[in-house]
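If you want the building blocks of each chain, they are given just below.
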Amino acid sequence: MSPQSEEAVVLDGITVRYGKGGSAVTAVEDVSLTVRAGEFVVLVGPSGCGKTTLLRIVAGFERATSGTGVVQGAPAAPGRGTGIVFQQPRLFPWRTVGGNIGFALARHGVPRAERPARIASLLDRVGLGGTAGRRTWELSGGQQQRVAIARALAAEPQVLLMDEPFAALDALTRERLQEEVRALAASLGTTVLFVTHSAEEAVLLGTRVLVMAADPGRIVAEVDVDLTRDSATDPAALRGSAEFARLRGELADIMREAATAA
Ligand SMILES: Nc1ncnc2c1ncn2[C@@H]1O[C@H](COP(=O)(O)OP(=O)(O)OP(=O)(O)O)[C@@H](O)[C@H]1O
Ligand SMILES: [Mg+2]
C-alpha cells in the first residue's frame, strides 16, 4: 500500500511563532504527528497550547514558521482533502440551510443541477431531512452545528477537522451529536482530527488521544483508546462501562499533569 493511502496527515517538526522580538509567542514548537487513514485522533490540552493552531496548519489556513504539513500525500492547502467544523457553526445568515450547503457544493465544483439532491442527502445524513428551505437562525444551536457538519462533508473531505465542535451545546444535544459524528465517521471511513477539552469526549470518540502542554505548545503524551465497541454497542452502556470510566480517569490524570507541566 502506498504511504499516501495509509497516512492521511503527517506533520513534521511544526513550529509556529507569532510576532517578532521580545513580544514573540511560540504557539507550537517542533510538533510531529501522523494520523493514519480512518483513525479518529483527538487533541486535548490546556487553553493556549496550540490545538487550533495545529488544525489551521492541517487545513492550510496557516503557514508554519518551520516544519512541513502533508495531507493525503500533498502539502496542506485550503480545501485540499480537508473539511473543518468550528466551535460556532459560522453559517451565512442570509442564506437558507440548503443555500449554505449549496455554497460549499458550488465551491467544490458540483454542477447546479445536481446540488438539490446532494443537499437533501447531506441533510438526511445529519438528521435534518426536509430543512433545506429553512432559515439558519430558525434552527437550534445543535441543529445549526449539524448544518455546519453537513457543509464540511459537502466537499467529501478525506480528513475532517473539528475544533471543539460541541463545546457550546447543552449536555443532551452534545451526547447525541457525539454519537452521530462517531457513526458518521465510521460509515464514511473519514479520518478525523478532533479537538476537545473533555476527557470524556476524547475517550468516547477517539481511537487515539494526543495530550498537549503549553508554553511552548507540544505533545507530551499519547493514549490509545482500546474501548471495545462496534456499531451495535449501545452508547449509554458504553458510557456506563467500567472500561470507559477507567480510561477516562487515566486520561484526566494525564491531562492534569500536562496542564501543570512547565
Ligand atoms: N494570530 C495570532 N497572533 C498572535 N498569537 C496567536 C495567534 N493565534 C494564536 N496565538 C497564540 O498562540 C497560542 C496558541 O493558540 P491556539 O488558539 O492554537 O490555542 P488553543 O490550544 O486552541 O487554545 P483554546 O483551548 O483556548 O482554544 C496562544 O498563546 C495564542 O495566544
Ligand atoms: Mg482553540
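The text that follows walks through the structure, step by step, so that each part is easy to find. (Residues numbered from 1 in each chain as written. Chains lettered and ligands numbered in written order. Predicted model: local features only at pLDDT ≥ 70, side-chain atom pairs only at ≥ 80, totals over all residues. Heavy atoms only, no water.)

So, helix α4 (residues 115-125)
What counts is decided by this rule: Exposure is judged per residue with a 1.4 Å probe applied to protein chains only, and the accessible area is read against the type maximum: over 50% gives exposed, under 20% gives buried, and values in between give partly exposed. Counting from the N terminus, the helices are the DSSP runs of H or I reaching at least four residues and the strands are the DSSP runs of E reaching at least two. Along the arc lie the directions from the helix axis toward the C-beta atoms. Any two residues whose heavy atoms approach within 4.5 Å at even a single point are treated as in contact.
Among the residues of α4, those classed as buried are Arg115, Ile119, Leu122 and Leu123. End-on, the buried residues of α4 take up no more than an arc of 100°, which puts them together on one face. Along α4, exposed side chains directed more than 90 degrees from the buried face belong to Ala117 and Asp124. Looking at the buried positions of α4, the neighbouring elements they touch are α3 (97-107) and α5 (141-154). Two residues or fewer past α4, Gly127 is found with a positive phi of approximately 75°.

Remarks on the site of ligand 1
Threshold: Think of it this way: one heavy atom of a residue within 4 Å of a molecule or strand is enough to make that residue near it. We define a polar contact as two N or O atoms separated by no more than 3.5 Å, with the added condition that, inside protein, one atom must be a possible hydrogen donor and the other a possible acceptor, whereas residues neighbouring each other in sequence contribute only through side-chain atom pairs. Here the open area of atoms and residues is found with the Shrake-Rupley method and a 1.4 Å probe, where only the protein chains shown may cover a residue. Residue type decides the class: Asp, Glu, Lys and Arg count as charged, Ala, Val, Leu, Ile, Met, Phe, Trp, Tyr, Cys and Pro as nonpolar, and the leftover types, Gly among them, as polar.
Lining the immediate environment of ligand 1, one finds 13 residues, of which Ser47, Gly48, Lys51, Thr52 and Thr53 sit closest. Within the contact set of ligand 1, an oxygen atom lies 3.2 Å away from a backbone nitrogen or oxygen of Cys49. Calculation on ligand 1 without its partners gives an accessible area of 640 Å², and the protein chains cover 59% of this total. Among the secondary structure elements, those contributing two or more residues to the shell around ligand 1 are β2 (25-36) and α2 (51-59). In terms of residues, the shell around ligand 1 owes the most to one element, α2, which gives 3 residues. The residue makeup of the shell around ligand 1, split by class, is 5 nonpolar, 6 polar and 2 charged.

Here we look at the pattern of salt bridges
Two side chains carrying opposite charge are able to pair once their charged atoms lie near each other. Put simply, the test is: Whenever a carboxyl oxygen of Asp or Glu lies within 4 Å of a side-chain nitrogen of Lys or Arg, that contact is scored as a salt bridge.
A complete count under the given rule lists 14 salt bridges for this structure. Among the ionic pairs, Glu156 bridges to Arg118, the shortest N-O distance being 3.9 Å. One end of the pair, Glu156, is in the loop between α5 and β7 (159-163); the other, Arg118, is in helix α4, and 38 residues separate them in sequence. On the basis of relative accessible area, Glu156 is assigned to the exposed category, the value being 56%. The class for Arg118 is partly exposed, based on a relative accessible area of 24%. A salt bridge links Glu180 to Arg146, with the nearest nitrogen and oxygen atoms 3.7 Å apart. Taken together, the residues span a long stretch of sequence, with Glu180 in helix α6 (residues 171-188) and Arg146 in helix α5 at a distance of 34 residues. Take Glu180: its relative accessible area is 29%, and that puts it in the partly exposed class. Each of Glu175, Glu179, Arg182, Glu200, Arg239 and Arg248 takes part in one network of salt bridges that share partners.

Considerations on the packing of aromatic side chains
The condition that has to hold: Each Phe, Tyr or Trp ring (for Trp, its six-membered ring) is paired with any other whose centre lies within 6.5 Å, and the angle between the two planes then decides the class: stacked below 30 degrees, edge-to-face above 60, tilted in between. Note on geometry: a ring has a charge over it if NZ (lysine) or CZ (arginine) is within 6 Å of the ring centre and within 35 degrees of the ring normal.
Taken as a whole, this structure holds 4 aromatic pairs when the rule is applied. A network of ring pairs unites the aromatic residues Phe40, Phe166 and Phe194 as a single cluster. Against the face of Phe86 rests Arg90, its NZ or CZ located 3.9 Å from the ring centre.

Here's the deal with unusual backbone geometry
With an omega of -10°, the peptide bond between Asp215 and Pro216 qualifies as cis. Tracing the chain through its elements places Pro216 in the loop between β9 (208-213) and β10 (218-224). One non-glycine residue, Gln72, lies in the positive phi region at around 50°. With respect to the helices and strands, Gln72 occurs in the loop between β4 (66-71) and β5 (74-75). Unusually for a residue other than glycine, Glu156 sits at a positive phi of about 50°.

Re the nonpolar core
To keep things clear, this is the line we draw: Take the buried residues of types Ala, Val, Leu, Ile, Met, Phe, Trp, Tyr and Cys, join any two whose side-chain atoms come within 4.5 Å, and each joined set is a nonpolar core. Boundaries between domains were set according to an automatic or database domain assignment.
Membership of the largest hydrophobic core comes to 50 residues, with the highest contact counts inside it found for Ile101, Ile149, Val209 and Leu251. Per-element accounting of this core gives the leading share, 7 residues, to α5. Among the domains, domain 1 (3-81 + 158-260) and domain 2 (92-156) are the pair contributing at least three residues each to this core. Ile101 has contacts with Ile119, Leu122, Leu123, Val147, Ala150, Arg151 and Ala154, leaving out every residue within four places of it along the chain.

As for the pairing of strand β6 (residues 82-85)
Operational definition: Here, any two strands with at least 2 DSSP bridges between them count as paired.
Here β6 shows no split at all, with Thr82 and Ile84 on one side and Gly83 and Val85 on the other all buried. Strand direction decides the pairing type here: β6 and β7, joined by 4 bridges, are parallel. For Gly83, the partnering residue across the bridge sits in β7 and is Leu160.

Just distances and angles here, no functional claims.
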